[in-house]
Amino acid sequence: MSDPVLRLTDVSRVHGTGAAEVHALRGVSLEAYAGELVAIMGPSGSGKSSLLTIAGGLDSPTSGSVTVDGQDLGEAGISGRAKLRRTSVGYVFQDFNLIPALTAAENVALPLELDGAGRRSARDAARVALEEVGLDGFADRFPDEMSGGQRQRIAIARAIVGERRLILADEPTGALDTETGEDILKLIRARCDAGAAGVLVTHEPRYASWADRVIYVRDGLVVDEAGETPSTVFAVEVEG
Amino acid sequence: MSVKHALLALLEKPRYGYELRAEFEQRTGASWPLNVGQVYTTLSRLERDGLVEAGGTDAEGRSLYQLTEAGRVEVKGWFDTPVERTQPQRDELAIKLAVAVAVPSVDVGKVVQQQRNATMQALQGYRRQARSGAGDDLAGGLVLDRLVFAAEAEIRWLDHCESRLRRAATSTAPEPAEPTEGGPR
């Protein structure tokens, strides 16, 4: 079995100290393999979003380790983590996090340009990604000229541009109606089927069911898991 | 569930027994398979009640059934009347949880978790069916959506049960309890 794209080992995160101490995560271990979509469910305040920000290098664990594509995020340092976020990790947020003054294509090309890609090649890659999410023809529109579903598609294009290996999605369907939400999940699923590893945080069972495995988090702990184990997912892949 | 009215409605066009079964299963995305014996038993009851009648034979000599005027009225009445919801059907899961809460030796949290996993796996199964094209035809897609919504509602309800059980456990505990890995006890 190949190495996981994402590996969290015994990750804890404590905010504050003394009486104000809050344990957001208490020793969580989790792996996501190429081709696999893992959903994380749990009530508000269970630690599921903390888990995702740590997986994406946006926050660091108090203890435990995180590796992405074999690279230890703790050892990578601030600049190493920033580079990893620009090149290997795609992040999709509930509120899209698009830059309003940039067009769809400019938003999508931004991580590549920040990483030093030429303007032209970054824009070309952005157009390909926009096409993949069904937004061909919308490249020059600004986010506020588009619907919520279309904006989230831009965000997904930005998360997958440049062959990212790890897609992290935090309630990506939060502000969308059911049908549009399903379309967004279809895109994330397709990217995982094409070889990326995906982690989806959601409180909606219907979206979690797109995943191969569903992990339940409560009070900073993994309490339960439903679905196929990674080894059976992988075995099916090998035989297929 | 009685399939009488569904079969009756599909006799808008004269059909023979096997054809009627195939039509029913295709329309409902094969979610509720029927055996052909059931179909013929239903047809003979409908005939006895004057809702269908023999409608000759097709080119291959198979006996066709068709709606009578009374049958048409019955079908219209079925579509015009909402499905009864005020008297909910007996729900094994609700009964099981209610009883589990009352039986001290039962780990209710575990009952909830096991059910949630099973229902999530069912939901994943519907998802796989949809992705393999089972819901592409409109009628089959609506049925599949129905199953997805029902499984989703059940998981939400189980989440809710879990929270209530935890709250109840905390409010009766002598000390503020540390969260435990196995969920509510």
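Please read all numbers here as calculations on a predicted model, not as lab measurements.

## Quick notes on the overall build of chain B
Right, so step 1: Across its full length, chain B carries seven helices and two strands.
Right, so step 2: Helices and strands appear in chain B in the N-to-C order α-α-α-β-β-α-α-α-α.
Right, so step 3: For 185 residues, the compact-globule estimate of 2.2 N^0.38 gives 16 Å, and the C-alpha radius of gyration of chain B, at 23 Å, exceeds that figure by more than 25%.
Right, so step 4: Across its three principal axes, chain B shows a C-alpha extent of roughly 80 × 35 × 30 Å.
Right, so step 5: Burial statistics for chain B: of 185 residues in total, 25% are counted as buried.

## Concerning the overall build of chain A
Right, so step 1: What chain A contains, in helices and strands, is eight helices and 10 strands.
Right, so step 2: Out of the 240 residues belonging to chain A, those deemed buried represent 48%.
Right, so step 3: The contacts of chain A with a sequence gap of at least 6 include a subset with a gap of at least 24, amounting to 68%.

## Observations regarding the interface of chain A and chain B
Right, so step 1: Taken residue by residue, the interface counts 13 residues in chain A and 15 residues in chain B.
Right, so step 2: Secondary-structure elements contributing two or more residues to the side of chain A that touches chain B are α7 (205-208), β9 (213-218) and β10 (221-227) of chain A.
Right, so step 3: Of the residues forming the side of chain A that touches chain B, the biggest block, five residues, is contributed by β10(A).
Right, so step 4: Classifying every residue of the side of chain A that touches chain B by side-chain character gives seven nonpolar, two polar and four charged.

## Observations regarding the packing of helix α3 (residues 104-114) of chain A against helix α4 (residues 119-132) of chain A
Residue and element names in this part refer to chain A.
Right, so step 1: Following both chains from N to C, one finds α3 and α4 inclined at 125°, their axes separated by 8 Å at the closest point. The angle between the axes of α3 and α4 places the two elements in the oblique class. Once α3 is placed against α4, the crossing between them reads as right-handed. Contacts between α3 and α4 involve A104, A105, V108, A109, L112 and E113 from the first element and R119, A122, R123, A125, A126, R127, A129 and L130 from the second.

## Side note on the sheet that holds strand β2 (residues 22-32) of chain A
All names here are of chain A.
Right, so step 1: The strand order across the open sheet built from four strands is β2-β1-β4-β5, with neighbouring strands paired in antiparallel fashion. Two strands in the sheet have a free side with no partner beyond their single neighbour: β2 and β5 (71-72).
Right, so step 2: Looking at chain direction, strand β1 (residues 6-15) and β2 are connected through eight bridges and run antiparallel. Among the inter-strand pairings, R13 is bridged to a residue of β2, identified as L25.
Right, so step 3: Each of β1, β2 and β4 (63-68) is contacted by helix α1 (residues 48-55), which is oriented at about 120° to β1, the strand it contacts most.

## A word on the sheet that holds strand β3 (residues 37-41) of chain A
All names here are of chain A.
Right, so step 1: The six strands are arranged β6-β7-β8-β3-β9-β10 in an open sheet whose pairing can be described as mixed. This sheet does not close on itself; its edge strands, each paired only once, are β6 (89-92) and β10. Between one strand axis and the next, the sheet turns through 20° on average, direction left out of account.
Right, so step 2: Its contacts with the sheet put helix α5 (residues 148-160) on β6 and β7 (166-170), and the angle it makes with β6 is roughly 165°.
Right, so step 3: Of the strands in this sheet, β3, β7 and β8 (197-201) are in contact with helix α6 (residues 178-193), which crosses β8 at around 150°.

## A word on the packing of helix α2 (residues 17-27) of chain B against helix α3 (residues 36-48) of chain B
Residues and elements named next belong to chain B.
Right, so step 1: Remark: α2 packs on α3, axes separated minimally by 9 Å, with the N-to-C direction vectors making an angle of 110°. One element, α2, and the other, α3, form an angle in the roughly perpendicular class. Note on packing geometry: the crossing formed by α2 with α3 is right-handed. Taking contact as the criterion, the partners of G17, Y18, L20 and R21 in α2 are, on α3, V36, V39, Y40 and L43.

## Quick look at the nonpolar core
The tendency in soluble globular proteins is for nonpolar side chains to be buried as a group.
Right, so step 1: Ranked by internal contacts, the top residues of the largest apolar core, which has 86 residues, are A:A39, A:I40, A:V108, A:I156, A:A157, A:I188 and A:L200.
Right, so step 2: Ranked by the residues each element gives to this core, the list is headed by helix α7 (residues 138-172) of chain B, at eight residues.
Right, so step 3: Residues contacting A:I40, with those up to four places away along its chain left out, are A:K48, A:L51, A:V199, A:L200, A:V201, A:I215 and A:V217.
Right, so step 4: With 11 residues, the next largest nonpolar core counts B:L20, B:V39, B:L46 and B:L67 among its residues.

## Things to note about the environment of B:A9
All names here are of chain B.
Right, so step 1: Checked against the element boundaries, A9 lands in helix α1 (residues 4-10).
Right, so step 2: According to the C-beta neighbour criterion, A9 is partly exposed, with 18 such atoms within 10 Å.
Right, so step 3: Ignoring sequence-local partners within four residues, the contact set of A9 consists of V75 and W78.

## Concerning the domain arrangement of chain B
Residue and element names in this part refer to chain B.
Right, so step 1: One can read the domain layout of chain B as domain 1 (4-80) and domain 2 (92-172).
Right, so step 2: Using C-alpha coordinates to define each centre, domain 1 is positioned 34 Å away from domain 2.
Right, so step 3: Counting from both sides, the interface comprises four residues of domain 1 and, opposite them, six residues of domain 2.

## Quick word on α4(A)
Residue and element names in this part refer to chain A.
Right, so step 1: Between its first and last C-alpha atoms α4 spans 20 Å; for 14 residues at 1.5 Å apiece the expected length is 20 Å, and the two agree.
Right, so step 2: When we look at burial in α4, the residues that qualify are A122, A125, A126, A129 and L130. When α4 is viewed along its axis, its buried side chains cluster within an angular range of 140° and face the same direction.
Right, so step 3: The inward-facing, buried residues of α4 abut α3 and α5.
Right, so step 4: Phi turns positive, to about 80°, at G134, one or two residues after α4.

Cut-offs applied
Residues numbered from 1 in each chain as written. Chains lettered and ligands numbered in written order. Predicted model: local features only at pLDDT ≥ 70, side-chain atom pairs only at ≥ 80, totals over all residues. Helix = DSSP H or I, 4+ residues; strand = E, 2+ residues; numbered from the N terminus. Rg over C-alpha atoms; globule rule 2.2 N^0.38 Å. Buried ≥ 20, exposed ≤ 12 C-beta atoms within 10 Å, placed from the backbone. Contact = placed C-beta atoms within 7 Å. Nonpolar A, V, L, I, M, F, W, Y, C, P; charged D, E, K, R; others polar. Axes fitted to C-alpha atoms, helices over the stretch in contact; angles between N-to-C directions. Parallel < 35°, antiparallel > 145°, perpendicular 65-115°, else oblique. Left-handed = near helix turned anticlockwise from the far one by under 90°. Pairing = 2+ DSSP bridges. Core = buried A, V, L, I, M, F, W, Y, C linked by C-beta atoms within 7 Å. Domains from an automatic or database assignment. Expected span 1.5 Å × (residues − 1). Arc of directions from axis to C-beta.

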